[in-house]
Amino acid sequence: MHNLIEKVKIGVGLVTSVSMFACCADPVVSNYDGSMLWFQNELNSSKGSAVVLLEDSTPTLGLIREELAYLNLADTVEFSLDGDSILGNDGYELSVSGKTVSVHGRTDVALLYAAFDIMRQQNVDANAISPSRQIPSYDLRMLNHWDNMDGTVERGYAGKSLWHWDEITDEDVVRYKAYARANASVGINAVVLNNVNASPEILSGNNLPKVAMIADILRPYGIKVFLSVNFSSPMNLSGLLNADPLNPHVRHWWQDKAQEIYAHIPDFGGFLVKANSEGLPGPLDYGRSHSEGANMLAEALNLYGGVVVWRAFVYSPSDADRAKQAYLEFKPLDGEFADNVIIQIKNGPIDFQPREPFSPLFGALHNTQMAVELQITQEYTGASNHVCFLPSMWCETMNADTYRDGAGSTITKLTSQKIAGAKYTAIAGVSNIGDEPNWCAHPLAQANWYAFGRLAWNADMTPDSLATEWIRLTLPSLPLHAENTFRDMLLESHEAVVDYMMPLGLHHIFAWGHHYGPEPWCDVPGARPDWMPKYYHRADEKGLGSDRSKTGSNATGQYNEPLCSLYNDINQCPDKYLLWFHHVDWNFRMKNGQTLWNELCRHYDKGLTMTDHFLASWKRIEPYVDKAMWEDVNNRLTIQRDDARWWHDGCLLYFQQYSKMPIPQKTIYKLDDMMKYHINITNYECASKGYRGEKM
Ligand code: GCW
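Since we're looking at a predicted model, the values are computed, not measured. (Residues numbered from 1 in each chain as written. Predicted model: local features only at pLDDT ≥ 70, side-chain atom pairs only at ≥ 80, totals over all residues. Heavy atoms only, no water.)

Caption draft 1: Summary view of the site of the ligand. Inspection of the region around the ligand gives 15 residues, with E154, K274, R311, K346 and E379 positioned closest. Contact between the ligand and R311: an oxygen atom at 2.7 Å from a side-chain N or O atom of the residue. Burial of the ligand by the protein chains amounts to 97% of its free accessible area of 340 Å². Within the shell around the ligand, the residues separate by chemical class into 4 nonpolar, 3 polar and 8 charged. (Near = heavy atom within 4 Å. Polar contact = N/O pair within 3.5 Å; in protein donor to acceptor, adjacent residues only side chain to side chain. Areas by Shrake-Rupley, 256 points an atom, 1.4 Å probe, with all protein chains shown as cover. Nonpolar A, V, L, I, M, F, W, Y, C, P; charged D, E, K, R; others polar.)

Now the structure itself:
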């Protein structure tokens, strides 16, 4: 137990440096530009009169006073640096007695999380603050930026990278603090600054001081910096002849590099590695395994407490079904990774599709620390033009039962428990943040950033509770009926996207390259077959879908019972995964008695109809929403509706060539015309104010 710190009385009204968002805002004008994120209430509220009791001796404790400047409920908030050991580094306990809120936590960062909790509760629950004891579900709650060093962002749709490697200006520092504050407010405590398709340059002697500058800014907010590293860095940066993990020179190189990094950044988090995937180098280039590669890096970092997050997103060109490959490569290595290695597994076996069954690897590794990788940026769900509230999808994965240790082996459970000896548990989300003033381009995409952090903190939260919190913080003046309308829209949005893009288990029928529009017909001569939509939809005269049952690739065999049998049986397999696991006759009778073809048409139609419904819902709440925000979202919803039509017509007309059956509802485009177009949409065009791109 720590000693109770001496408590010093500080009137909040005396604080001179107010929060960085508030300092730019005129409190009487609601000049929404989205930059305030979920701190919107600060625009219109005046300082509260609460008294905060704490010792203002660390930068983090200083931040707490700033945060509580707007608290207007309690008379006194009393912070103590103590608490039982179960609270760990980040947990805290809030209790309420009369008009005093007492907070206990073992570190200043834990107290900062508590301060954010108090502010959140005040704004979400109309001034009520409840006692609570909070221990985060995961130790490392990580954002993965896919930011390149030239300022571009891979699969980023919100402008350019926040990180400026040439020069970090004063303006950048303000922005980085705002970023750190937003992350800390939802519990995110680890950020990987650069793309997993990593440039070796990030580790050069020139860049490390800049990484250190960023780490210094983020540190008071409890955030550790990580870097993605390129496995060939010793060759690229120092001319070593190879990067073989068993080569002593290579091992020394990484040890020296680790020493250099920690000299700059004593609390450096560690490395994220994409190896032997999509053309990147890795240990397999030298006949070594993923574990030999990961363990070499882990050894270099271990001395300093760093970790290696090694990705399982691999799919070497081979005869095996792509959906099976990560399992095939990683299952034999179970138990071979060092204690400070975490294997980061995408939620589904292929690649962040609008819906995938969970990756069977989660149910196969027993002695390996696993982390889930979720995608916050909307690579496959409409970029920054479509509303798609992703927690609906994430919770589907997290709550999925793998049956690894019998019933109840959910992915949340398996990943939030530490295996023997492991240093950390972790969860990761690929960031949707860029340099757009409102951070995420689509105003409603901020909800996904918010929800990722909150879910990483408390994996038991539901899409409903996440949506409610975010709405109340972001649009504090919505009347209840408008809030309900808005929440319904968010909660229905993911299913709508699945319906108009890829219902019933269809997947990866995107256009080549940008992954925005549909191109089930796409055929790029010479390209890898498993990058082509036809590899996935397999439409022919007989039917539609990939046969991954025992009669096909037997990917179903990678799932534990009873899922293996369930997915394998065409009559039992849940509709939402039917075409993922089976090649299904056009006339197959679905569980509701409809033929596959009619059911497919119904889903596309439902998705399209929902986009009209969203426009109508948004119209209903117009009186309560800032005009600029309303118009921005309305513009994007209109694009979404038009895109949904493009998806609906493109996919149904294309599949109709094979089913040869009538489409019950109306289509407006002609397939031949559609096939002549290729939507030309680049990340930046897409990011700016709902620009949709040309069709060429
Ligand atoms: O989703 C795919 C993307 C690539 C990405 C890759 C990965 C960073 O299309 O752009 O590369 O996955 O996750 O490594």
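Here the narrative resumes.
Caption draft 2: Inspection of the environment of D401 at higher detail. Within the secondary structure, D401 is located in the loop between α10 (391-398) and α11 (411-416). Linking D401 and W586, residues 185 residues apart in sequence, is a C-alpha distance of 31 Å. With residues up to four places along the chain from it excluded, the contact list for D401 reads F358, G406, A407, G408, S409, T410 and L563. A distance of 2.9 Å separates a polar atom in the side chain of D401 from the backbone nitrogen of Y403. (Helix = DSSP H or I, 4+ residues; strand = E, 2+ residues; numbered from the N terminus. Contact = heavy atoms within 4.5 Å.)

Caption draft 3: The arrangement of the nonpolar core in detail. In terms of nonpolar packing, the biggest core is built from 218 residues, with W310, W449, L600 and F655 touching the most fellow members. Per-element accounting of this core gives the leading share, 13 residues, to helix α19 (residues 627-659). The contact partners of F655, leaving out residues within four places of it in the chain, are L506, I509, P520, H537, A539, L544, W586, W597, L600 and Y604. (Core = buried A, V, L, I, M, F, W, Y, C linked by side-chain atoms within 4.5 Å. Buried < 20%, exposed > 50% of the residue type's maximum accessible area, 1.4 Å probe, protein only.)

Caption draft 4: Expanded view of the pairing of strand β13 (residues 370-375). Burial within β13 is extensive, with 6 of its 6 residues counted as buried. Pairing between strand β12 (residues 341-346) and β13: 4 bridges, direction parallel. The partner of K346 across the bridge, within β13, is E373. (Pairing = 2+ DSSP bridges.)

Caption draft 5: Structural context of the sheet that holds strand β11 (residues 307-311). Spatially, β7-β8-β9-β10-β11-β12-β13-β14 is the arrangement adopted by the 8 strands of the closed barrel, whose pairing is parallel. Across this sheet, the average inter-strand angle for adjacent strands is 25 degrees, counted without regard to direction. In this sheet, strand β14 (residues 426-430) lies alongside β13 in parallel orientation, the contact comprising 4 bridges. Within β14, the residue paired with V372 across the bridge is I427. (Axes fitted to C-alpha atoms, helices over the stretch in contact; angles between N-to-C directions.)

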